[in-house]
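# Structural features, examined
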Amino acid sequence: IASIISRIIGLIYRIPLTAIIGDIGNDYYGAAMEVYSILLLISSYSLPLAVSKLVSTRVARSERKNAYRLFKGALIFAVISGTIAALIVYFGAEIITVYLVKTPLSIFALKVLAPTLLIVAVLGVVRGFFQGMGTMMPSALSQLLEQIVNAVVSVWTAYMLFGYGSRIGAVLGNSEQYGAAYGAAGGTIGTGVGALVALLFVLFVFFVYRPVYRRQILRDRRKGEESYRDIFFVLIMTIVPVLLS
């Protein structure tokens, strides 16, 4: 239900967003989101599924300590992969927009999206942990919260930055193009802010829940610990098939 509602919100807010930034701005927005989606797919798209599967397996065997270690290992993996993807997008934005997608002015929107790759990677791990523990509520609520914030912030920042970009473009002799480019960047700000709000929400739930989980760890039947080397191996071996598919 949360997923369906989120998609409906996503469809609705694109109407005023497109009206603000126009067809040209929508092209810039689409080009930036396409590159972002590909890097997100490679860096962290399969993390929630992998973490959920591996955590639930360990919880079923009463190995909650190992499940927690796997969660921490997945966080490290997410930070590394998300940071690499973010750096590629930020510092390679000019090459990507000029030579690959051939829309140079989408560079503003693409650079704005760079930090979101790291945020979404960490968010996916925390969501996957809760799913592995047998509850979809934090993921569902954070998904709704993310999309609502995304919709509101995207429309507002697109409106504000469209005017700012138009003034800059007027000085440079290309008001329409720069207004659309900055407006598209405003639209992508909402994506990052929405993901950040969702991350803060699931982290809040996690820290509230952590004392309960620690008490459950003490009741574990099995006391052995998996090494982080084994955790990274099984994590990668779970991610790769999902990524390839």
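Keep in mind it's a predicted model, so treat the numbers as computed, not measured.

Attention shifts here to the overall build of the chain. When helices and strands are tallied, the chain shows 8 helices and 0 strands. Listed by position from the N terminus, the elements making up the chain come as α-α-α-α-α-α-α-α. For the chain, the spread of C-alpha atoms along the three principal axes comes to 70 × 35 × 25 Å. The 245 residues of the chain split such that 48% are buried. Pairs at least 24 apart in sequence give 82% of the contacts found in the chain among residues at least 6 apart. Carbon and sulfur atoms make up 69% of the accessible area of the chain, which amounts to about 12400 Å² in all.

The next thing to look at is the environment of glutamine 143. Secondary-structure assignment places glutamine 143 in helix α6 (residues 137-172). Each C-alpha atom of the pair glutamine 143 and leucine 49 lies 15 Å from the other, and the pair is 94 residues apart in sequence. Filtering out sequence-adjacent residues up to four positions away, glutamine 143 remains in contact with Ala2, Ser3, Ser6, Arg7 and Arg127.

Glancing now at the pattern of salt bridges. Opposite charge on two side chains permits them to pair, given that their charged atoms come into close proximity. If you walk through the whole model with that rule in mind, you get 5 salt bridges. Salt-bridge contacts for arginine 61 lead to glutamate 63; the nearest nitrogen and oxygen are separated by 3.3 Å. What makes arginine 61 partly exposed here is its relative accessible area of 34%. Across the salt bridge formed by glutamate 225 and lysine 65, the nearest N and O atoms sit 2.8 Å from each other. Separated by 160 residues along the polypeptide, glutamate 225 in the loop between α7 (175-218) and α8 (228-244) and lysine 65 in helix α3 (residues 64-91) bring together distant segments of the chain. With relative accessibility at 36%, the residue lysine 65 sits in the partly exposed group. One salt-bridge network, held together by shared partners, links Lys65, Arg69 and Glu225.

On to the nonpolar core. Within the largest apolar cluster, 61 residues are counted, with the highest numbers of intra-cluster contacts made by Val55 and Phe129. Breaking this core down by element, the ones donating at least two residues are α1 (2-43), α2 (47-60), α3, α4 (93-100), α5 (107-132), α6, α7 and α8. The biggest single contributor to this core is α5, with 15 residues. Other than its neighbours up to four places away in sequence, phenylalanine 129 contacts Val51, Val55, Ala67, Phe71, Phe206 and Tyr213.

This brings us to a nonpolar patch on the surface. On the surface, Ile38, Leu41, Ile42, Tyr45 and Leu243 cluster together into a nonpolar patch covering about 490 Å² of accessible area. Per-element tally for the nonpolar patch: the top contributor is α1, with 3 residues. Within the secondary structure, tyrosine 45 is located in the loop between α1 and α2. Among the residues examined, tyrosine 45 registers a relative accessible area of 57% and is labelled exposed.

Even without a glycine there, the phi angle at serine 62 is positive, about 55°. With respect to the helices and strands, the residue serine 62 is situated in the loop between α2 and α3.

This part is about α6. Between its first and last C-alpha atoms α6 spans 50 Å; for 36 residues at 1.5 Å apiece the expected length is 52 Å, and the two agree. One or two positions beyond α6, positive phi appears at glycine 173, with a value near 85°.

The next thing to look at is the layout of surface pockets. Counted as a void, the largest pocket has a volume near 1100 Å³. If you go around the largest pocket, you meet 31 residues; those closest to its centre are Leu40, Tyr45, Arg127, Gln143 and Glu146. Mapped onto the lining of the largest pocket, the elements with two or more residues apiece are α1, α2, α5, α6 and α7. Here the lining of the largest pocket gets 12 residues from one element, more than from any other, and that element is α1.

The rules behind each value
- Residues numbered from 1 in each chain as written.
- Predicted model: local features only at pLDDT ≥ 70, side-chain atom pairs only at ≥ 80, totals over all residues.
- Heavy atoms only, no water.
- Helix = DSSP H or I, 4+ residues; strand = E, 2+ residues; numbered from the N terminus.
- Buried < 20%, exposed > 50% of the residue type's maximum accessible area, 1.4 Å probe, protein only.
- Contact = heavy atoms within 4.5 Å.
- Areas by Shrake-Rupley, 256 points an atom, 1.4 Å probe, with all protein chains shown as cover.
- Salt bridge = Lys/Arg side-chain N within 4 Å of Asp/Glu carboxyl O.
- Core = buried A, V, L, I, M, F, W, Y, C linked by side-chain atoms within 4.5 Å.
- Patch = residues over 30% accessible without salt bridge, like charges linked within 9 Å, V, L, I, M, F, W, Y side chains within 5 Å.
- Expected span 1.5 Å × (residues − 1).
- 1 Å grid on protein atoms, 1.4 Å probe; cavity = no way out; pocket = protein on both sides within 12 Å on 5 of 7 lines; lining within 4 Å.
- Points joined across faces, edges and corners; volume = space filled by probe spheres on them.

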